[in-house]
Amino acid sequence: MAELAGVIQQIVQNTIAAMKLTDKATGTVTSVSPLNVQVDIAMQPLPSAALILTDTVRGNLKKGDRVLMLRVQNGQQYIVLSKIM
């Protein structure tokens, strides 16, 4: 019974790790209207539909700005937390 519990616990841990619920990311604003942020040169820029802006950055971004983001929903959305100097 203890062995089964250990196996189940390992499966749950692996599943949670694979989901990558949140993670930090940095990106560069490539366009302001519409807002697009490039996270990785191997990926297409993130469109505004995938970006959630905090009050700190809303209306304060310009092309070329570096931003700190929190990746959520398995990378389907990013919360833009602040500009990086």
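Residues numbered from 1 in each chain as written. Predicted model: local features only at pLDDT ≥ 70, side-chain atom pairs only at ≥ 80, totals over all residues. Heavy atoms only, no water.

J.: Before we move on, can you summarise the pattern of salt bridges with the specific residues and values?
T.: Tallying each qualifying case throughout the model produces three salt bridges. The residue Asp-55 makes a salt bridge to Arg-58 at a minimum N-O spacing of 3.1 Å. For the salt bridge of Asp-65 with Lys-62, the shortest nitrogen-to-oxygen distance reads 3.3 Å. For Asp-65, a relative accessible area of 9% translates into the label buried. Through salt bridges with shared partners, one network takes in Lys-62, Asp-65 and Lys-83. (Salt bridge = Lys/Arg side-chain N within 4 Å of Asp/Glu carboxyl O. Buried < 20%, exposed > 50% of the residue type's maximum accessible area, 1.4 Å probe, protein only.)

J.: Now, about unusual backbone geometry: what can you tell me, with residues and values included?
T.: The step from Ser-33 to Pro-34 runs through a cis peptide bond, and the omega angle for that step is 0°. Within the secondary structure, Pro-34 sits in the loop between β1 (22–32) and β2 (35–38). (Helix = DSSP H or I, 4+ residues; strand = E, 2+ residues; numbered from the N terminus.)

J.: Which residues make up the pairing of strand β5 (residues 66–72), and what are the values?
T.: The pairing of β5 with strand β6 (residues 77–84) spans seven bridges and is antiparallel. In the strand pairing of β6, Val-72 is matched with Gln-77. Following β5, the chain reverses through four residues before pairing antiparallel with β6; Gln-73 in that reversal takes a positive phi of roughly 50°. (Pairing = 2+ DSSP bridges.)

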